[in-house]
Every structure is written in structure tokens, then in C-alpha cells.
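As a plain string of letters, each chain reads:
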Amino acid sequence: MEIEGRRVLVTGASSGIGRETARAFAAAGAEVVAVARRAERLAALVDEFGGMVSVITADLGEPGAAARVAERAGPVDVLVNSAGSETGGTAWAVGDRAEARRMFEVDWWAPLAMIAALVPGMRERRAGAVVNVTSIRQVLAWPSLGHSSAAKAALAQLTSTLRLELPGSGVSAIEVIPGPVDTPALGASTLLPGFVELLDEMLGTGTAAELAGLIVHAVQGDHERVFYPAETVEHAYRHPMELRAAITDAVREGGGLPDDLADTLVVGPDSPITADAKAAWEHAR
Ligand SMILES: NC(=O)c1ccc[n+]([C@@H]2O[C@H](COP(=O)([O-])OP(=O)(O)OC[C@H]3O[C@@H](n4cnc5c(N)ncnc54)[C@H](OP(=O)(O)O)[C@@H]3O)[C@@H](O)[C@H]2O)c1
């Protein structure tokens with residue numbers, strides 16, 4: 001798809017992968033609708049790109065918010081679902097707590113609400129793309145990451161299904177599968193002992209700006225998936241049992257989850273501990 005002059009809605013545009021993706025589409029000549037909660041960060045995109053970027057501030061953790069955003073945005077050619085939330089903690093510590101339900105609202109229901117609102121218009125115009133940012137977490141297990149892996153696995157399945165529902169429509173469904181990417185979300189993952197280090201060792205850590213360039217390229221070329229960092233993450237995706245075995249060994253060697261973490265919500269959307277870890281990560285860059 002030609003990018004110039006297209007209207008691109010990017011969720012999570014205030015930080016990390018979403019922010020760099022919004023910048024990359026604007027630089028390629030698209031009109032970008034940037035969505036997130038932090039207005040001042042979205043305003044920085046307007047300062048950088050002027051009228052190429054418009055802003056909708058919204059909390060996608062609130063049921064109904066995504067549909068309202070899509071209605072305000074009007075016709076959209078490319079939808080990028082990048083907003084992501086965090087929940088980390090054992091299955092019994094997190095259970096179905098409000099924090100976990102909120103994470104699913106952002107990571108699962110908001111992308112679906114956007115798809116429901118925007119894909120019919122794309123089909124009518126016989127042109128469009130849906131880009132869902134999932135994660136290599138969809139194929140691996142790690143203590144405390146069950147909810148988060150499940151949300152990403154669900155969105156991955158949805159994206160594959162959507163692709164099968166759209167042939168011949170002119171609308172593509174693209175899955176972006178990041179391994180570790182240097183953003184504040186990775187800072188939150190440092191609250192899970194050993195996780196970031198092991199993934200960095202096995203997959204390497206990439207940058208949001210480089211991944212954003214690959215996302216624009218994938219929309220231009222109607223690619224099905226973007227793996228990043230490319231070779232290691234694609235290998236892990238195609239041979240997940242190798243990564244799973246290495247993780248099992250690492251968890252056994254490390255003695256499992258420390259007792260003090262087993263009974264608490266370690267990472268939660270909007271928890272001050274998570275916010276501090278993300279801020280410290282950004283501050284160190
Ligand atoms: N970084 C990695 O290593 C990595 C690896 C695999 C997958 N991913 C996925 O990549 C996507 C982007 O993450 P990132 O690494 O770029 O993280 P990030 O820098 O922390 O950005 C997360 C974005 O999501 C937005 N967001 C979070 N909760 C929201 C809510 N309730 N309503 C609206 N927006 C919300 C944030 O905006 P506000 O706070 O301003 O609302 C922010 O713009 C996520 O889906 C994440 O799961 C990241």
C-alpha cells in the first residue's frame with residue numbers, strides 16, 4: 001500500500017514502539033491520528049510534524065473508549081494497535097483481579113473494538129491494513145507472565161484469523177512480533193527477576209525506531225508478519241520448544257520465583273512500582 005496521504009491511527013503513540021511508528025508514518029507522508037492517555041507526549045508529535053498529526057487522548061482501559069476513539073477518528077486506512085499494558089504476578093496472586101481485567105481491556109478488547117469500528121470502512125473502500133503488535137511472549141511461558149502471554153497469544157490468533165477472513169478484500173492483517181525492544185515497557189519487565197537478561201541473551205534487544213521502520217515497510221509491502229529482532233525472534237517463533245526448554249532450565253537453576261514475589265501483583269497497570277520502573281528505565285537512556 002502506498003503510504004503518502006493515507007490516514008493512520010496509532011494507539012500507544014505517546015511512547016516506545018507506538019510513538020516511533022507514528023513518527024515513521026508521518027515522516028512517510030501519512031496523516032497520523034495519535035492515541036494515548038498522556039496528552040503532553042502526544043503534543044510533542046504535533047510540535048514535530050505540525051498538521052500531519054492529530055491527537056485523541058483516551059484511556060483504552062475503560063470499556064467503550066476504543067469505540068469512541070474510532071468514531072472521532074473518522075475513516076482510517078491503517079490501524080496500528082500498539083498500546084499495551086502490563087500485569088505480572090502468579091496465576092493465584094493476580095487471578096481475575098481488576099488490574100488483569102484492565103490489561104485485557106487495553107491489550108485485547110480495545111484492538112477488537114477498533115477493528116469492529118474501522119474494518120468495515122476499509123472493506124468498503126477496498127483498501128486498508130490492520131497492524132496488531134503482539135509479542136514473542138505468545139509462545140513462551142515465564143513465572144508471573146501468564147496473563148500477559150495469554151493476552152498476546154489471543155491477539156496473535158485473532159490476527160491470523162482476521163487475515164483468513166479478508167482475502168480479496170484489499171485489506172491486510174499484519175502481526176508485529178517483537179522480542180525485547182528498548183522501551184519503558186522493558187523497564188517494567190525488569191521487575192520480573194531474570195526475564196529481561198535471559199531474553200536479551202537469547203534474542204538480543206532492538207530499538208523502537210528500527211522496528212517502526214519495519215512496520216511501515218510491512219504495510220507498504222502487505223507483509224503478514226514482522227519479527228524483531230528479525231532472525232532470533234523468527235527462529236524462536238518457528239521453534240518455540242527450544243526457547244521454552246532454555247527458560248525451564250533457567251527457572252530451575254534460579255530456584256524458581258522468590259517467595260516474596262509469589263503472592264503479590266508484581267507488575268500492574270498504573271501501579272506506582274511499575275511506573276517507577278518505567279521512569280527509571282527512561283531516565284537511564
Ligand atoms: N518493549 C518490548 O520489549 C515489547 C516486547 C514485546 C511486545 N511489546 C508490545 O509493544 C507494544 C508497545 O509497547 P512499548 O514497548 O512501546 O511500551 P511503552 O513504551 O510502555 O508504550 C506503551 C504505550 O501504550 C499506551 N497505553 C498503555 N496503557 C494505556 C491505556 N490504558 N490507554 C491508552 N494507552 C495506553 C501508553 O500510553 P499512555 O501511558 O500515555 O496512555 C504508551 O503509549 C505493547 O503492546 C507491548 O506489549 C513490547
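Structure: see above.
Here goes a summary of the coordinates provided. This one's a predicted model, so the numbers in the text were calculated from it and none came from an experiment.

**So, the site of the ligand**
Next up, step 1: The immediate surroundings of the ligand are formed by 28 residues, with G12, G16, R37, G84 and A185 found nearest.
Next up, step 2: Elements represented by at least two residues in the shell around the ligand include exactly α1 (16–27) and α7 (184–189).
Next up, step 3: Here the shell around the ligand is composed, by residue class, of 13 nonpolar, 11 polar and 4 charged.

**A closer look at helix α3 (residues 65–73)**
Next up, step 1: Among the residues of α3, A65, A66, V69 and A70 are the ones counted as buried. When α3 is viewed along its axis, its buried side chains cluster within an angular range of 135° and face the same direction. For α3, the exposed residues lying more than 90 degrees away from the buried face are E71 and R72.
Next up, step 2: G74 sits one or two residues past α3 and shows a positive phi near 75°.

**What about the packing of α3 against helix α5 (residues 98–125)?**
Next up, step 1: In contact at an axis separation of 8 Å, α3 and α5 are set at 35° when each is read in the N-to-C sense. Pair α3 / α5 crosses with right-handed handedness. For the pair formed by α3 and α5, the contact residues are A66, A67, A70 and E71 on the first element and A110, A113, M114, A117 and L118 on the second.

**Quick notes on unusual backbone geometry**
Next up, step 1: With omega at -10°, the peptide bond leading from Y228 into P229 counts as cis.
Next up, step 2: You can see P229 is positioned in the loop between β7 (225–228) and α10 (230–238).
Next up, step 3: At R126, a position not held by glycine, the phi torsion is positive, near 60°.
Next up, step 4: Counting through the fold element by element, R126 comes out in the loop between α5 and β5 (128–133).
Next up, step 5: Not every positive phi belongs to a glycine, and D222 is a case in point at roughly 50°.

**Looking at the nonpolar core**
Next up, step 1: Counting 82 residues, the largest nonpolar core has V32, A34 and V131 as its most contacted members.
Next up, step 2: No other element matches α5, which puts 10 residues into this core.
Next up, step 3: Setting aside its immediate chain neighbours within four residues, V32 contacts V8, V10, A22, F25, A26, M52 and V53.

**Let's talk about the sheet that holds strand β3 (residues 53–57)**
Next up, step 1: A sheet is described by the order of its strands in space; here 7 strands give the open sequence β3-β2-β1-β4-β5-β6-β7, paired in parallel fashion. In this open sheet, the two strands that pair with only one neighbour each are β3 and β7. Each neighbouring strand pair of the sheet contributes to a mean axis angle of 15°, computed without reference to strand direction.
Next up, step 2: Strand direction decides the pairing type here: strand β1 (residues 7–11) and strand β2 (residues 31–36), joined by 5 bridges, are parallel. The partner of V8 across the bridge, within β2, is V32.
Next up, step 3: Of the strands in this sheet, β1, β4 (78–81), β5 and β6 (171–178) touch α5, which is tilted by about 160° from β5.
Next up, step 4: Across the face of the sheet, helix α9 (residues 208–221) comes into contact with β4, β5, β6 and β7 while running at roughly 165° to β7.

**A look at helix α6 (residues 146–165)**
Next up, step 1: Taking 1.5 Å of rise per residue, the 20 residues of α6 would be expected to cover 28 Å, and the 28 Å separating its terminal C-alpha atoms lies within 8% of that figure.
Next up, step 2: Looking at α6, one finds that the buried residues are H147, S148, A151, K152, L155, A156 and T159.

**Some details on the packing of α1 against α9**
Between two packed helices, what matters for the description is the angle formed by their axes and the separation of those axes.
Next up, step 1: Where α1 contacts α9, the axes come no closer than 8 Å and their chain directions differ by 50°. Between α1 and α9, the angle falls in the class oblique. When you trace α1 past α9, the crossing you get is right-handed. Counting all contacts with α1, which are made through G16, I17, E20, T21, R23, A24 and F25, the residues of α9 involved are A208, A209, L211, A212, G213, I215 and V216.
Next up, step 2: Looking at the contact of α1 with α9 residue by residue, the class counts come to 9 nonpolar, 3 polar and 2 charged.

Calculation rules
- Residues numbered from 1 in each chain as written.
- Predicted model: local features only at pLDDT ≥ 70, side-chain atom pairs only at ≥ 80, totals over all residues.
- Near = placed C-beta within 6 Å.
- Helix = DSSP H or I, 4+ residues; strand = E, 2+ residues; numbered from the N terminus.
- Nonpolar A, V, L, I, M, F, W, Y, C, P; charged D, E, K, R; others polar.
- Buried ≥ 20, exposed ≤ 12 C-beta atoms within 10 Å, placed from the backbone.
- Arc of directions from axis to C-beta.
- Axes fitted to C-alpha atoms, helices over the stretch in contact; angles between N-to-C directions.
- Left-handed = near helix turned anticlockwise from the far one by under 90°.
- Contact = placed C-beta atoms within 7 Å.
- Core = buried A, V, L, I, M, F, W, Y, C linked by C-beta atoms within 7 Å.
- Pairing = 2+ DSSP bridges.
- Expected span 1.5 Å × (residues − 1).
- Parallel < 35°, antiparallel > 145°, perpendicular 65-115°, else oblique.

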